[in-house]
Amino acid sequence: MRELISNAENRRLFILEYFIYGNPRVSLDDLKKTLHMTDSTLIADVEKMKAMYPGLSLRISDGYLNASFSPTFQPAEIYVPITHNKLIFRLVRRIFFEEDLALTTLAAQEHASVSSAYRLVHEFNAIAKEQYHLQIESSPCHIVGKEEAVRAFYRDFFLELYPGKYQPFSADFMQNCRNFVRDFAPFFNQMTTLFPLETF
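Attention in this report is confined to the structure presented alongside it.

Cut-offs and rules
- Residues numbered from 1 in each chain as written.
- Predicted model: local features only at pLDDT ≥ 70, side-chain atom pairs only at ≥ 80, totals over all residues.
- Heavy atoms only, no water.
- Axes fitted to C-alpha atoms, helices over the stretch in contact; angles between N-to-C directions.
- Helix = DSSP H or I, 4+ residues; strand = E, 2+ residues; numbered from the N terminus.
- Parallel < 35°, antiparallel > 145°, perpendicular 65-115°, else oblique.
- Contact = heavy atoms within 4.5 Å.
- Nonpolar A, V, L, I, M, F, W, Y, C, P; charged D, E, K, R; others polar.
- Phe/Tyr/Trp six-rings, centres within 6.5 Å; stacked < 30°, edge-to-face > 60°.
- Buried < 20%, exposed > 50% of the residue type's maximum accessible area, 1.4 Å probe, protein only.
- Lys NZ or Arg CZ within 6 Å of the ring centre and 35° of its normal.

1. Section: the packing of helix H1 (residues 7–21) against helix H3 (residues 39–52)
Moving on, step 1. Between H1 and H3, the shortest axis-to-axis distance is 11 Å and the interhelical angle comes to 70°. The orientation of H1 relative to H3 falls into the category roughly perpendicular. Contacts between H1 and H3 involve Arg11, Arg12, Ile15 and Leu16 from the first element and Thr41, Asp45, Lys48 and Met49 from the second.
Moving on, step 2. When grouped by side-chain class, the residues that make up the contact of H1 with H3 number 3 nonpolar, 1 polar and 4 charged.

2. With respect to the packing of aromatic side chains
Remark: the centre distance and the inter-plane angle together describe each pair of aromatic rings, the angle taken between the planes.
Moving on, step 1. One pass over the structure, following the stated rule, counts 15 aromatic pairs.
Moving on, step 2. An angle of 40° between the planes, with centres 4.9 Å apart, marks the rings of phenylalanine 69 and phenylalanine 73 as tilted.
Moving on, step 3. Residue class for phenylalanine 69 comes out partly exposed when judged on its relative accessible area of 27%.
Moving on, step 4. When the ring of phenylalanine 157 is compared with that of phenylalanine 158, the centres are 5.2 Å apart and the planes differ by 80°; the resulting orientation is edge-to-face.
Moving on, step 5. Assessed through its relative accessible area of 1%, phenylalanine 157 is described here as buried.
Moving on, step 6. Assessed through its relative accessible area of 11%, phenylalanine 158 is described here as buried.
Moving on, step 7. Through a chain of ring-to-ring contacts, the aromatic side chains of Phe89, Phe96, Phe97, Phe124, Tyr132, Phe153, Tyr154, Phe157 and Phe158 assemble into a single cluster.
Moving on, step 8. Sitting above the plane of the tyrosine 64 ring, arginine 25 keeps its charged end 3.8 Å from the centroid.

Structural data, given as structure tokens:
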């Protein structure tokens, strides 16, 4: 889903991922060179990340940018402010849960212009047709593509954009899913024993 966010958002995610999975300390010169940033862009990104992530502390000292995270901070949380605040992601989520959703209605409810909503759909389709082999059609809004492509897309969508406690499904729904997996597991194990997956 990274291709659906802006260059600036991708840049900030790169920095955060480096701090989490690499080193919580990075040279300012190396950072600017790697990401082709100016001093003003770097400072703006630092301030933006401070505002977006209360559990993140950033400090510039002796030519380095240093990061520290609160004990309760979860790595997956770095994606939440970006994905939850983008109209295109809210549209894709609402298409999944709502039927007969008109793009004009969605634009009004999301406090966006109709032209902006159509532009976002056009931009999404340009990427989704190539990456996921599907697209959004309006009147009403729905995802069009082969069933397996749509299922794979929404699987990745919810796994990447709504991790852990941020998932949008009710507790009852999640429990029903767990019960289904538990009840189906013995049958699935028996079938894969009789018919190995590589035969399909």
